[in-house]
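Breakdown of the fold
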Amino acid sequence: MATDMKNKLTIRGLKLWYGDFEALHGIDLDILAGKVTAFIGPSGCGKSTFLRCLNRMNDRIAGCRVEGDVLLEGNDIYAPDVDVVQLRTHIGMVFQKPNPFPKSIYENIAYAPRIHGMVQDGPDMDELVETALRKASIWDEVKDKLQQPGTALSGGQQQRLCIARTIAVQPDVILMDEPCSALDPIATAKIEELMDELKQEYTIVIVTHNMQQAARASDYTAYFYLGDLIEYGETSQIFTAPSNQRTEDYITGRFG
Amino acid sequence: MPEHTLKRFEDELTSLKEKILAMGGLVEKAVRRSMKSVLQVDTSKAQKVIDRDRAINALEVEIDEMTRSMLALRQPAAGDLRLIIATIKIVTDLERSGDLAEGIAEAVLQSEENPLTHTSTIETLADLVIRQVKDALDAFARSDLDAALKCIERDKKVNKLYKAMQRENLTYMLEDPRQITAGLLASTIGKNLERIGDHAVNIAEMVIYMVKGHDVRHVDHKTAAAILSGELDED
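Quick caveat: nothing in here was measured; it's all calculated off a predicted structure.

This paragraph deals with the overall build of chain A. The secondary structure content of chain A amounts to ten helices and ten strands. Taking 256 residues into account, the globule formula puts the C-alpha radius of gyration at 18 Å, and chain A, at 18 Å, falls close to it. The C-alpha extent of chain A, read off along each of the three principal axes, is 55 × 40 × 40 Å. A total of 256 residues make up chain A; the buried ones form 52% of that total.

Another aspect to go through is the sheet that holds strand 2 (residues 21-32) of chain A. A sheet is described by the order of its strands in space; here four strands give the open sequence 2-1-4-5 (chain A), paired in antiparallel fashion. Both outer strands of the open sheet, strand 2 and strand 5 (75-76) of chain A, are each paired with one neighbouring strand and no more.

For the rest of this paragraph, the subject is unusual backbone geometry. Residues and elements named next belong to chain A. Phi angles above zero are rare outside glycine, and Gln170 is one such case at about 50°. Relative to the elements of secondary structure, Gln170 occurs in the loop between helix 6 (155-167) and strand 7 (173-177). Classification of Gln170 by relative accessible area gives exposed; the value is 55%. Located in the positive-phi region is Glu178, a residue other than glycine, with phi close to 50°. Considering the arrangement of structural elements, one finds Glu178 in the loop between strand 7 and helix 7 (185-198).

The subject of this paragraph is the side chain of A:Thr89. Residue and element names in this part refer to chain A. Structurally, Thr89 can be placed in helix 2 (residues 84-90). Take Thr89: its relative accessible area is 7%, and that puts it in the buried class. Setting aside chain neighbours within four positions, we find Thr89 in contact with His116, Val169, Gln170 and Pro171.

Regions with low pLDDT should not have their predicted coordinates read in detail. Residue-level pLDDT values for chain B average 92, and 97% of them are 70 or greater. Reported confidence for the predicted complex is 0.78 by ipTM and 0.85 by pTM.

All names here are of chain A. Two elements, strand 9 (residues 220-225) and strand 10 (residues 228-234), share six bridges in a ladder whose sense is antiparallel. Bridge assignment links Tyr223 to a residue of strand 10, and that residue is Glu231. Two successive antiparallel strands, strand 9 and strand 10, enclose a turn made up of two residues, where Leu226 displays a positive phi of approximately 50°.

Cut-offs and rules
- Residues numbered from 1 in each chain as written.
- Chains lettered and ligands numbered in written order.
- Predicted model: local features only at pLDDT ≥ 70, side-chain atom pairs only at ≥ 80, totals over all residues.
- Heavy atoms only, no water.
- Helix = DSSP H or I, 4+ residues; strand = E, 2+ residues; numbered from the N terminus.
- Rg over C-alpha atoms; globule rule 2.2 N^0.38 Å.
- Buried < 20%, exposed > 50% of the residue type's maximum accessible area, 1.4 Å probe, protein only.
- Pairing = 2+ DSSP bridges.
- Contact = heavy atoms within 4.5 Å.
- pLDDT = per-residue confidence, 0-100.

Next up, the structure:
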């Protein structure tokens with residue numbers, strides 16, 4: 001891998017247990033800044049579990065234990081003095097099912113910046129809301145109905161609203177867990193186009209079951225199987241000439 | 001390699017390979033038969049080559065149709081993608097080779113009254129080229145890198161012999177103007193054979209891409225072998 005590219009996240013020897021079950025067997029992975037990295041693999045391979053380690057979403061699962069290092073620009077996110085709430089403003093997450101707050105479109109965006117004390121209500125907040133909605137490519141569709149509930153939007157719009165909400169706190173990294181699995185092809189294409197734009201400013205990591213989506217939308221692809229990282233490389237290489245036979249079998253549909 | 005989960009896709013890939021091999025078999029036969037028509041001055045054989053070229057062309061169209069629909073409907077990746085890409089290229093080389101064999105047959109028909117006067121070098125050239133075609137097709141059939149490299153390596157010999165043959169041919173024509181008609185025929189046949197060899201090399205290179213994912217076009221044989229043994233990076 002080229003050495004002139006900057007790591008945003010550096011993961012070393014990451015192991016995770018659910019009780020006695022070891023779900024991740026020591027993952028080493030560099031997530032490059034300003035790139036879209038896709039995690040693929042069959043159900044139960046550990047890709048979502050791994051994604052959730054990247055902003056400590058597994059912390060609250062009973063019996064879950066994590067070992068190893070996850071460094072955000074060199075700083076250990078599992079260090080004892082790390083404030084998890086603060087951490088998640090740096091590493092945001094977009095989920096499979098769009099989950100806007102049961103509040104207005106405006107409030108969906110304004111809520112987090114307000115509680116984090118980033119911006120006061122008023123013209124500054126108006127500007128922040130507009131910027132976030134613009135970056136998420138949904139401004140034109142909602143600018144005339146900012147006071148309407150976010151839940152009244154279509155699924156694809158809700159997902160872009162959730163992305164805008166994540167962007168509003170100016171994160172470094174956006175994690176996406178199957179962000180398009182509940183969306184139709186047009187809405188999916190819009191999200192993929194959005195990822196392409198957002199990577200100018202943010203590092204994006206996406207978990208997807210849709211291999212064509214990984215191929216279309218990512219720069220790098222990591223293939224997980226049974227808690228191991230099998231292969232990691234440029235997406236174009238993984239999809240044309242993977243070096244591992246197990247990767248080949250999976251992406252050509254010869255799996256299981 | 002384990003079987004595809006989608007049985008129908010697996011069947012399509014198998015059928016694609018079989019079609020390429022069938023087409024390759026027809027081309028190999030066309031080259032052999034065209035040379036027999038030259039050496040035995042047998043116009044009926046020449047006519048057969050010309051008639052059979054239609055079957056080669058029909059396979060080209062059929063294979064192209066298959067690859068088009070597989071690309072659109074299956075979104076192939078990795079080894080499957082490389083097989084389909086290789087097929088798209090190989091089919092063109094095969095079709096051109098068929099045309100070149102047809103060209104030899106046409107030359108035989110046109111110069112029935114003035115057959116070749118010197119055949120030994122051209123015979124050797126034909127043997128080499130036919131082996132190249134055979135190696136390229138074997139390489140494809142068995143994903144055999146050694147056969148592919150052999151085909152590519154043999155091209156040096158072919159080119160050398162082709163040049164020698166043309167020089168020799170020119171000497172005959174200069175010495176005796178009555179040899180000119182036969183000399184021109186020899187020149188056409190030699191040129192077509194040499195180009196069939198080039199197409200075989202293209203096929204062998206695509207087989208290497210198909211099997212290993214390395215592009216060895218436009219590098220010399222030694223570099224290609226080094227890339228394949230993993231000693232060298234492509235760039």
